[in-house]
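Fold and geometry: a report
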Amino acid sequence: MEKEVNMPRQTNILVIDDDVARLKTLSAGLQDMGHRVTTAITGQEAVALFRKQPFNIVLAGVKLPDVSGREILETTKELNPEVAVIMITDRANLEAAVNAVAEGAYAYILKPEVMYELKTLINNALREQELLIRNRKLVDSLQRSNSSLEETNRALEQASRAKSDFLAKMSHELRTPLNVIIGFAELMLDRVPGEVNEEQRQCLDDILTSGRHLLGLINEVLDLSKVEAGKVELRLKNIALSEVVESVTSAMTAVLSQRRQNLDVDLDEGLPLVQADEARLRQVFFNLLSNASKFTLDGGELKIEASRRGNWCQVSVSDNGIGIKKEDFKPIFEPFYQADNSIARERKGTGLGLTLVKEIVEMHGGQIWVESEYGKGSSFIFTLPLVAASKTLS
């Protein structure tokens, strides 16, 4: 059901006509409808009144002694574009009234005026006028909101850059002493300074494990902050994906063997070269494979697949592990996000690996997404530009 527009309690109407008798009749009828009515006999008198006070409706004869109704229309619209002008005409001047409507008048009414028809015209004009005013206010409000939003976004971007700069500097400062701690722990475990007993060895193992974990976190914070601050430049070159996959799987062999996990690799034959930063691409594969292994039970299955999709190479890293709930699909790529399950809590990571992976893939112009069925496994899928496509894009 259409919502009725609330009308003003009293409407200001200016009536312009050189026929004094008709002017009085119109004025009385409009006042009976509850409107405030002002009258004028000439165009000049009407313009003077219009400059002094606002009117919602103007009723003007097509022909006046000193000016035409068209001139009245132009002047009123210039002073107040929202005013509704209704032309009063006889059949002899009907064409002039029709032309006035084409030039911006709201409507025309034939003499002798029928009051109920005039009432309908005025009410309709007021409704449209109110809707136009509301629409203008809404547009103004949206423009102010957009301007405020743009300012907020600029402030957020500036704050984000400042945060990334701070994290980058802080991470760099933390790595130096932490590497010293890790180094001395390794020396003591190797008995370089002298013998250590079993209890001391256990403590040193804890120091070394925690130190390496913290160093991994700091390195990922440093990488992510550099990417977000725009301080990472990709060293793009033409790369055979099979060579990158082979080197990463070789580095992961010890971890997978320890947990009796099998890794299957299925790359399309004749897959074209991709254009990528080899070191960053290795980082993507290593993070995705490490995650797949971490959240897959001992003896599980992992798989890397790659195929051509038009001008893109589509890569997936899959597992038959614990899977991911649908509500976690989007936030899983956010910094420090940790899935809420027992295995995730037991094998907690930094919470930055997938965020960094997403940033690196998008820096290459690709996309990354996850497909998963909770309890049955997950697939992280990403795209990279093929060499021919990257030349076209550039």
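Residues numbered from 1 in each chain as written. Predicted model: local features only at pLDDT ≥ 70, side-chain atom pairs only at ≥ 80, totals over all residues. Heavy atoms only, no water.

1. A few points about helix α8 (residues 278-294)
Rules: In this description a helix means any DSSP run of H or I spanning at least four residues, a strand means any run of E spanning at least two, and both kinds are numbered starting from the N terminus. Expected helix span is taken as 1.5 Å per residue step, with the number of steps being one fewer than the number of residues. When a residue's accessible area, from a 1.4 Å probe over protein chains only, is under 20% of the maximum for its type it is buried; when over 50% it is exposed; and in between it is partly exposed. Within 3.5 Å is the distance limit for a polar contact, defined as a pair of N or O atoms, with the added protein rule that one can donate a hydrogen and the other accept it, and that residues adjacent in sequence qualify only through two side-chain atoms.
When the terminal C-alpha atoms of α8 are compared, their 24 Å separation across 17 residues agrees well with the 24 Å that a helix rising 1.5 Å per residue should span. Every buried residue of α8 is listed here: R280, L281, Q283, V284, F285, N287, L288, L289, N291, A292 and S293. Capping the start of α8, D277 holds a side-chain oxygen 3.1 Å from the backbone nitrogen of A279, two or three residues further along.

2. A few points about the packing of aromatic side chains
Here the distance between the centres and the angle between the planes together describe a pair of aromatic rings. Filter applied, for reference: By convention, a stacked pair of Phe, Tyr or Trp rings (six-membered ring in the case of Trp) has centres within 6.5 Å and planes under 30 degrees apart, an edge-to-face pair has planes over 60 apart, and any other such pair is tilted.
A complete count under the given rule lists three aromatic pairs for this structure. With a centroid separation of 5.8 Å and an interplanar angle of 20°, the aromatic rings of F50 and F55 are classed as stacked. In this structure, F50 and F55 share a single accessibility class: buried. Each ring, one from F333 and one from F380, has its centre 6.1 Å from the other, and the planes form 85°; the classification is edge-to-face. Taken as a pair, F333 in the loop between β10 (312-319) and α9 (342-346) and F380 in strand β12 (residues 377-385) lie far apart in primary sequence, 47 residues in all.

3. Re empty space enclosed by the protein
Note the threshold: Lining residues are those with an atom within 4 Å of a point, where the points come from a 1 Å grid over the protein atoms alone and group into cavities, where a 1.4 Å probe fits but cannot get out, or pockets, open sets with protein on both sides within 12 Å along at least five of seven lines. Grid points are joined across faces, edges and corners, and a volume is the space filled by probe spheres set on the points. Side-chain classes follow a simple rule in which Ala, Val, Leu, Ile, Met, Phe, Trp, Tyr, Cys and Pro form the nonpolar group, Asp, Glu, Lys and Arg form the charged group, and the remainder, Gly included, forms the polar group.
Tallying each qualifying case throughout the model produces one cavity of 30 Å³ or more. Its boundaries defined by the atoms lining it, the largest cavity holds a volume of some 30 Å³. Those elements giving two or more residues to the lining of the largest cavity turn out to be β1 (12-16), α2 (43-52) and α3 (69-79). The element best represented in the lining of the largest cavity is α3, accounting for four residues. The residue inventory of the lining of the largest cavity, partitioned by class, reads seven nonpolar, two polar and no charged.

4. Let's talk about the pattern of salt bridges
To be explicit about the condition: Just to be clear on terms, a salt bridge is a Lys or Arg side-chain nitrogen sitting within 4 Å of an Asp or Glu carboxyl oxygen.
As enumerated under the stated definition, the model contains eleven salt bridges in all. For E82, the salt bridge goes to R136, with nearest N and O atoms at 2.0 Å. One end of the pair, E82, is in the loop between α3 and β4 (84-89); the other, R136, is in helix α5 (residues 115-189), and 54 residues separate them in sequence. Under the relative-accessibility criterion, E82 is labelled partly exposed at 26%. Residue classification places R136 among the partly exposed positions, given a relative accessible area of 36%. The network of salt bridges with shared partners includes D17, D19 and R22.

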